[in-house]
Amino acid sequence: MTRLGILLSGRGSNFLAIADAIDRGQIDNAGISIVISNRAEAPGLAAARARGLATAVIEARGRKRAEQDAEIIACLREHGAELICLAGYMRLLSPEFVVAYPQAILNIHPSLLPAFPGLDAQRQALQYGVGITGCTVHFVDDQLDHGVIVLQRPVPVLDGDDEAALSARILEQEHIAYPEAIARVLSGNYTIADRRYVARASHNASLLEEIK
Ligand code: GRF
């Protein structure tokens, strides 16, 4: 079984979508071994406790990023986490963290990267006036919202959308995209060429099914 480590800072709806997908058997042979938050009051942390999962709070407390991250890495290792899923984790990872888990940290971002990285991606999309935005699941590298893209799902911007309405529709797609991306990565049926995620044959077949 592959053990997942979840990092979150807030609501935790993506974490719950992942946990539900595991419970439904949509992510083969995986389990969440630890949920870590940098904020003790994060609702996602309470939700993890309510599900009986192991949790930890590791706050920044004015420490250097590398020090906080060293504690997080120690906690992840203690719980045997092999794939790390950032789920609304509002801290940049230190280079040491990224190096400790090569191509084994995923993040979800509420835009079609490389458009609108950083905070308030949905507001950025509205302000820019795009017709289509969406969400992206990507590997984490040492730059913000930048690593190899595993999966994207588009969401149209509708007339009259405000930030809340658009965010809600993107979030629905995030909850589909993140479990699917985790399942793909755990299947191991891919290679990475330059910065392109390339699905292997069996995987392409299922993608073609989706397109039909
Ligand atoms: C999501 O929009 C995600 O894309 C972004 O932060 C938000 C987290 O939401 N990285 P939740 O805590 O998973 O509900």
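Residues numbered from 1 in each chain as written. Predicted model: local features only at pLDDT ≥ 70, side-chain atom pairs only at ≥ 80, totals over all residues. Heavy atoms only, no water.

(A) Looking closely at the overall build of the chain. Within the chain one finds seven helices and nine strands. Against the compact-globule benchmark of 17 Å for 212 residues, the chain has a radius of gyration of 17 Å, which places it among compact chains. With respect to the three principal axes, the spread of C-alpha positions in the chain is 45 × 40 × 35 Å. In the chain, buried positions account for 46% of the 212 residues. Pairs at least 24 residues apart make up 60% of the contacts formed inside the chain by residues separated by at least 6 positions. (Helix = DSSP H or I, 4+ residues; strand = E, 2+ residues; numbered from the N terminus. Rg over C-alpha atoms; globule rule 2.2 N^0.38 Å. Buried < 20%, exposed > 50% of the residue type's maximum accessible area, 1.4 Å probe, protein only. Contact = heavy atoms within 4.5 Å.)

(B) Here's a closer look at the layout of surface pockets. Roughly 890 Å³ of internal volume is contained in the largest pocket. For the largest pocket, the lining is made up of 34 residues, of which G88, Y89, M90, I108 and H109 are closest to its centre. Elements supplying a minimum of two residues to the lining of the largest pocket: α1 (13-23), β5 (105-109), α5 (121-128) and α6 (163-187). Here the lining of the largest pocket takes four residues from α6, the largest share from any one element. Among the residues forming the lining of the largest pocket, the class breakdown is 13 nonpolar, 13 polar and eight charged. Considering the residues around the second largest pocket, the lining is formed by I149, V150, L151, Q152, R195, R196 and Y197. Secondary structure elements with two or more residues in the lining of the second largest pocket: β7 (149-156) and β9 (196-199). The element best represented in the lining of the second largest pocket is β7, accounting for four residues. Here the lining of the second largest pocket is built from residues that sort into four nonpolar, one polar and two charged. (1 Å grid on protein atoms, 1.4 Å probe; cavity = no way out; pocket = protein on both sides within 12 Å on 5 of 7 lines; lining within 4 Å. Points joined across faces, edges and corners; volume = space filled by probe spheres on them. Nonpolar A, V, L, I, M, F, W, Y, C, P; charged D, E, K, R; others polar.)

(C) Looking closely at α6. Along its 25 residues, α6 runs 35 Å from first to last C-alpha, staying within 8% of the 36 Å computed at 1.5 Å per residue. Directly beyond the C-terminal end of α6, a positive phi value near 70° is found at G188. (Expected span 1.5 Å × (residues − 1).)

(D) Representation of the packing of α5 against α6. Where α5 contacts α6, the two axes come as close as 9 Å, and the packing angle between them is 120°. Between α5 and α6, the crossing angle belongs to the class labelled oblique. Classified by chirality, the crossing of α6 by α5 is right-handed. Contacts from Q122, R123 and L126 of α5 reach α6 at E163, L166, S167 and I170. When the residues that make up the contact of α5 with α6 are grouped by side-chain class, the tally is three nonpolar, two polar and two charged. (Axes fitted to C-alpha atoms, helices over the stretch in contact; angles between N-to-C directions. Parallel < 35°, antiparallel > 145°, perpendicular 65-115°, else oblique. Left-handed = near helix turned anticlockwise from the far one by under 90°.)

(E) Layout of the site of the ligand. Around the ligand, the neighbouring residues are R11, G12, S13, N14, G88, I108, H109, P110 and E174. Contact between the ligand and G12: an oxygen atom at 2.7 Å from a main-chain N or O atom of the residue. I108 has a polar backbone atom sitting 2.9 Å from a nitrogen atom of the ligand. In the complex, 86% of the free accessible area of the ligand, which totals 370 Å², lies under the protein chains. Using a 2 Å cut-off from the grid points, one finds that the ligand occupies the largest pocket. Contributing elements (two or more residues each) for the shell around the ligand: α1 and β5. (Near = heavy atom within 4 Å. Polar contact = N/O pair within 3.5 Å; in protein donor to acceptor, adjacent residues only side chain to side chain. Areas by Shrake-Rupley, 256 points an atom, 1.4 Å probe, with all protein chains shown as cover. Sits in = over half its atoms within 2 Å of the grid points.)

(F) The domain arrangement of the chain, seen in detail. Partitioning the chain into structural domains gives domain 1 (1-101) and domain 2 (107-212). Carbon and sulfur atoms supply 76% of the area that domain 1 and domain 2 bury against each other, a total of about 1400 Å² over both sides. Run the count over domain 1 and domain 2 and you get zero salt bridges. Joining domain 1 to domain 2, the criterion identifies three residue pairs in polar contact (both at pLDDT 80 or more). For the side of domain 1 that touches domain 2, the secondary-structure elements that each account for two or more residues are β1 (2-8), α1 and β4 (83-86). When residues in the side of domain 1 that touches domain 2 are grouped by element, the largest group, five residues, is from α1. In the side of domain 1 that touches domain 2, the residues fall into 14 nonpolar, four polar and two charged. (Domains from an automatic or database assignment. Buried area = accessible area lost by both parts, 1.4 Å probe. Salt bridge = Lys/Arg side-chain N within 4 Å of Asp/Glu carboxyl O.)

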